[in-house]
Amino acid sequence: MVGGTEFISINPNVNREVFKLGGKSLLECYQCGSCTAVCPLSEELDVSFRRAIRYTQLGVEEKILGDISPWSCNLHGDCTDSCPRGASPSEILAAIRRYQSIKYDWTGITKWWNGSSFASKLVGYLVIFGLSLLLYFGFFWQSILAYASTGKLVVLSELLIPVAVVFVISLAILASNGYRAYKFMIKDKKKEVGLVKSLKHIASFFIKVESDAMKVGHKRERILEHTLILIGLGLFILLGILYVLVPKFFEFKVISRLLIYVASITLVIGVGSPLMKRITAGEKTHWYYKKFTHPTDWMSLITLLPPAIMLLLVFVFYDLSMLSHAYIAFALFLSFMIPFILLEFAFGKHTHWLYKVIAYYVGARTGYFRGD
Amino acid sequence: MSSVLIVGGGVAGIQAALDLAEQGIDVYIVDKAPSVGGKMAYLDKTFPTLDCASCILAPKMAALLRYPNIKLIMNSEVQDVSGRAGNFKVKILKKPTYVDWSKCNGCGVCTEKCPTKVPNEYNMGLSQRRAIYIMFPQAVPKRAIIDAEHCMRLNPPPKAKEKAKGPLCGVCERNCPTKAIRYDQQPEILELNVSAVIVATGMELYDPRNLPELGYGKYQNVYTNLEFERLVSATGPTNGEIVRKSDGKHPKKIAWIQCVGSRDIRFNHYCSAYCCMAATKQAILAKEHLPEVQCTVYYMDIRAFGKGFNEFLERAKKEFGINYIRGKVVRIDEIPETKNLKIVYEDTAESYMKADEYDMVVLSVAITPNSKLPLPVELTKDGFIQLKDPYLDPVSTTVEGIFVVGAVAGAKDIPDSVTEASAAAARAALIAKRFSCPTPEVVK
Ligand SMILES: Cc1cc2nc3c(=O)[nH]c(=O)nc-3n(C[C@H](O)[C@H](O)[C@H](O)COP(=O)(O)OP(=O)(O)OC[C@H]3O[C@@H](n4cnc5c(N)ncnc54)[C@H](O)[C@@H]3O)c2cc1C
């Protein structure tokens, strides 16, 4: 600043924390800017991933929290392939995202979920899952048996209440965290681009970036996996809405079963495939599946798999007229949904959809896109 | 008096030889090239003073010839070294030059008559020489040598060989005024006894083709800095005129790209030490040749550590208007119509990716040590020769009596190479004198 003084505060712990959150190569970086220059996003955005890494090394917390560049990163790793220090910028950016998420969340749960060991997460998950089991196989057990004896499945019942409550609480927390993230991100920036133009920018950006990425084998593989998960989750949500609003829909067997099978199978493949690659990672596996093995990555996949399988089973049993089995699967499905929503959906890696949307919105409105 | 072997006759080897010879010690210089001089002989001017390189080097090279106790064993390589300090047995492979150097007087008639043209290594392939040639005009010793691979007589093309009845060509033999041509010369093995060895084999440029994204070898107007050094040199392929390979025109904008292959764990993790100053020097030279040209140096860090270096850098910026931009260049794209080059990097001052267009790009290439030698010395993991003690004994190797100087010990510039050379000469002289025994010649 010419003729004035700009005060910035430094938090010397930031680099230690980001290191712990998976940014193991953070201190390797010597600021050459290769990562920014090779990144295909740089053609479209006024972005500097190097600067985000620099802020993190220095601990300029305010700047880190307002930095939207980590949220534009697709973790495709061109930077990691060409880093002259052998560091992994995309991995560092993922860690910065975890750090940002921790700070955006006022409840402090993200801090535990992102920062704790795998074992600690698993225990937390199992405790909540155990309580859900108690709920469904204890408290609700009689009514489940009663429903099973009706010979029908489609019911709007009190069974859904716990999941609904958890869901509403999670949404509220997400909304408040999203608002906090928005405040951090918009600070010191000027809204200078109109809404319609911004949306156009975002749309053309996605089409360009994704179609370019689809031309590269290992990126395509991951885009497909991610798309499967997106489709699966989208159908899940659609089915949930239909279940609550038009339960009759499930009497149209062909179409409803089709949707259910597609939703479950896409999810199982979309989640199972990267999970298997991580587990069986060998010589030929792309480094993405070996480097990005932070516990939150594992948990985001692991927590999603069982509800997907259970949903499938519910209808398989139902269509085989094994109604009591179907109800047990249903109770299990709900028991798995509770910890998924409460931990992963509200605080885990899955929150990135929200922060990404906010970051792109803020970016588009504040001239982050290079435009036409 | 016992003797010292110097492997490599670059500026470091030359300096060590002169210091030893002046003390009356016998010196052998073995160099694989046909002339001494090393990389410095390729340079136009030197940083940080912009002195003419050959004006400094040529007198030193010529001085070698004035000492009867310096023997130049050119076009040769060491094959084996055994024994220990005070008494090393050295085997040297002397490759044929196909010219009797005791007869050749360097007149150069053969190099004009020879009909076969091949790319001239001394000008980095930017000009041509003949199959019989003198390495460069100031060569020491100034003697002709036949490049057997390209010589019509020694390696005739199979078809021509079938047709011809007798031996082919023979133009140089017919024209040599001193009758020095020897097509039947054979390799020789020389055996020497020396008290000490000084390794001064210097460095080679790292092949920038290992970084295909920079397009060297593919794009015509991308040069290495050594090529550029020849291009600006008055003795170079264009007599010092800076022109583009693609269209022979003067460039209007030239970019230097630093750390090509240096400070990068994928290639060489060390800093090559000479390139920041060399690029600054070359940008100044470009400005001196073409005052209108815009020069920009793309760097990660400028390492102007030596005496007078920072002042040199300031001068480049203020007096010559050389532009410095901080950011590592990750890619060069050629624009097919103009053969101009677009370089892609993050401007780290402004924090976003930029692509700038230039009509000539010079790569400041890493160096690698010439250390694959049949000597019992140890190497560092980067391939430089391991020093015994980098603090207190920085010219000794791990073997007593074998010393190392110049760029093969670690990337460095000329002043540092020469300093080490004098230091090693003093050390080698101590050993040579300790083990000297009066030979009959001396008694008489
Ligand atoms: C483009 C460029 C510009 C530069 N500009 C400057 C400058 O302006 N100022 C400055 O101070 N420095 C400059 N340098 C650095 C300078 O060239 C080196 O510091 C210097 O040449 C090192 O000298 P040397 O004797 O150790 O090695 P070299 O000059 O490399 O000499 C080594 C000698 O050993 C011989 N040899 C190699 N292998 C063998 C073998 N196996 N057997 C026998 N002989 C062998 C070679 O033929 C050669 O004659 C520049 C370098 C480059 C590439």
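These lines cover the structure that appears in this document, whether it is placed above or below. (Residues numbered from 1 in each chain as written. Chains lettered and ligands numbered in written order. Predicted model: local features only at pLDDT ≥ 70, side-chain atom pairs only at ≥ 80, totals over all residues. Heavy atoms only, no water.)

### Here we look at the environment of Glu-112 of chain B
Residues and elements named next belong to chain B. Topologically, Glu-112 is positioned in helix α3 (residues 109-113). Under the relative-accessibility criterion, Glu-112 is labelled exposed at 58%. Taking the C-alpha atoms as reference points, Glu-112 and Ile-132, 20 residues apart in sequence, are found 8.9 Å from one another. (Helix = DSSP H or I, 4+ residues; strand = E, 2+ residues; numbered from the N terminus. Buried < 20%, exposed > 50% of the residue type's maximum accessible area, 1.4 Å probe, protein only.)

### Some remarks on the sheet that holds strand β6 (residues 76-84) of chain B
Residue and element names in this part refer to chain B. If you trace the 3 strands from one edge of the open sheet to the other, you get β6-β7-β12, paired in antiparallel fashion. Here the strands that pair on one side only, and so sit at the sheet edges, are β6 and β12 (188-194). For this sheet, the mean angle separating the axes of adjacent strands, direction not counted, is 20°. Sheet analysis places β6 next to strand β7 (residues 87-94), joined by 8 bridges and oriented antiparallel. When the sheet's bridge partners are listed, Ser-82 is paired in β7 with Lys-89. (Pairing = 2+ DSSP bridges. Axes fitted to C-alpha atoms, helices over the stretch in contact; angles between N-to-C directions.)

### Let's talk about the side chain of Ser-256 of chain A
Residue and element names in this part refer to chain A. Examined against the element boundaries, Ser-256 turns out to sit in helix α14 (residues 253-279). There is a polar contact of 2.8 Å between the side chain of Ser-256 and the backbone oxygen of Phe-252. Here the side chain of Ser-256 touches Lys-253 through a polar contact of 3.2 Å, landing on its backbone oxygen. (Polar contact = N/O pair within 3.5 Å; in protein donor to acceptor, adjacent residues only side chain to side chain.)

### Section: the pairing of strand β13 (residues 196-199) of chain B
Residue and element names in this part refer to chain B. Every second residue of β13 is oriented toward a common face, with Ala-196 and Ile-198 on one face and Val-197 and Val-199 on the other, all of them buried. In this sheet, β13 lies alongside strand β1 (residues 3-7) in parallel orientation, the contact comprising 4 bridges. Directly across from Leu-5, in β13, lies its bridge partner Val-197. Here β13 pairs with strand β24 (residues 402-404) via 3 bridges, running parallel. Of the residues in β24, the one forming a bridge with Val-197 is Ile-402.

### Concerning the site of the ligand
All names here are of chain B. Lining the immediate environment of the ligand, one finds 38 residues, of which Asp-31, Lys-39, Lys-281, Lys-412 and Ile-414 sit closest. Here an oxygen atom of the ligand sits 3.5 Å away from a polar atom, N or O, in the main chain of Asp-413. In isolation the ligand offers 1,000 Å² of accessible surface; the protein chains occlude 96% of this area. Broken down by secondary-structure element, the contributors of at least two residues to the shell around the ligand are α1 (11-22), β3 (45-46), β14 (203-205), α6 (225-232), α7 (275-289) and α9 (414-434). Classifying every residue of the shell around the ligand gives 18 nonpolar, 11 polar and 9 charged. (Near = heavy atom within 4 Å. Areas by Shrake-Rupley, 256 points an atom, 1.4 Å probe, with all protein chains shown as cover. Nonpolar A, V, L, I, M, F, W, Y, C, P; charged D, E, K, R; others polar.)

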